[in-house]
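Here is how the chains run, residue by residue.
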Amino acid sequence: SKRRAAHLNMRAAKLPLDELKVKQLASDEPLNVDTVMELMQRWWWECTTQTENIDTDLTREQYSKCFAISAALSMRTQRIRHPNRTFHKQGN
């Protein structure tokens, strides 16, 4: 949470979950820590895979695509693991 991060003197940020265009999922959705860790790991792997064969940095669009793929797969894992606890809030 933001409060815990502030107490530990860490910066907190929201994941851009709105990018996924899922009706029930908003960027302020409280996620299970396992889901967040999986998402971050997948995001790293996805971006690393895309840059292995090129010598340039990824564009913002490529990072967004990496994020969308990683977030979708992580949310799918969350839904399989916890079918009744996928969404805590209702997005727009």
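Quantities reported herein were computed from a predicted structural model and do not represent experimental measurements.

(A) Quick look at the overall build of the protein chain. Helix and strand content of the protein chain: 3 helices and 0 strands. A buried classification covers 25% of the 92 residues belonging to the protein chain.

(B) How the structure looks around the side chain of S70. By the element assignment, S70 lies in helix α3 (residues 60-81). Within the structure, S70 has its side chain in polar contact with the backbone nitrogen of W43 (distance 3.1 Å). Ignoring any residue separated from it by four or fewer positions in sequence, one finds S70 in contact with L39, R42, W43 and E46.

(C) Representation of α3. For α3, built from 22 residues, the straight-helix expectation of 32 Å at 1.5 Å per residue is met to within 8% by its first-to-last C-alpha distance of 31 Å. Those residues of α3 that fall on the buried side of the exposure criterion are C66, F67, S70, A71, S74, M75, T77 and Q78. Here the buried residues of α3 occupy an arc of 155° about the axis, which is enough to place them on one side. The exposed set on the far side of α3, more than 90 degrees from its buried face, consists of E61, K65, R76 and I80.

(D) Representation of the pattern of salt bridges in the model. Considering all chains together, one arrives at 2 salt bridges under this definition. The salt bridge involving E38 is made with R42; its shortest N-O contact spans 2.8 Å. One end of the pair, E38, and the other, R42, are both in helix α2 (residues 33-51), 4 residues apart, so they sit about a helical turn from each other. The exposure class of R42 is partly exposed, given its relative accessible area of 27%. Of the charged contacts in the structure, one is a salt bridge between E38 and R81, with a shortest N-O distance of 3.5 Å. Here E38 is found in helix α2, whereas its partner R81 is found in helix α3, with 43 residues between them in sequence. For E38, a relative accessible area of 13% corresponds to the buried category. The exposure class assigned to R81 is partly exposed, which follows from its relative accessible area of 41%. One salt-bridge network, in which partners are shared between bridges, spans E38, R42 and R81.

(E) Expanded view of the confidence of the model for the protein chain. When pLDDT is averaged across the protein chain, the result is 77; 82% of the residues are at 70 or more. Across the protein chain, element-level confidence peaks in α3 with a mean pLDDT of 85 and bottoms out in helix α1 (residues 2-7) with 76.

Rules used in this analysis
Residues numbered from 1 in each chain as written. Predicted model: local features only at pLDDT ≥ 70, side-chain atom pairs only at ≥ 80, totals over all residues. Heavy atoms only, no water. Helix = DSSP H or I, 4+ residues; strand = E, 2+ residues; numbered from the N terminus. Buried < 20%, exposed > 50% of the residue type's maximum accessible area, 1.4 Å probe, protein only. Polar contact = N/O pair within 3.5 Å; in protein donor to acceptor, adjacent residues only side chain to side chain. Contact = heavy atoms within 4.5 Å. Expected span 1.5 Å × (residues − 1). Arc of directions from axis to C-beta. Salt bridge = Lys/Arg side-chain N within 4 Å of Asp/Glu carboxyl O. pLDDT = per-residue confidence, 0-100.

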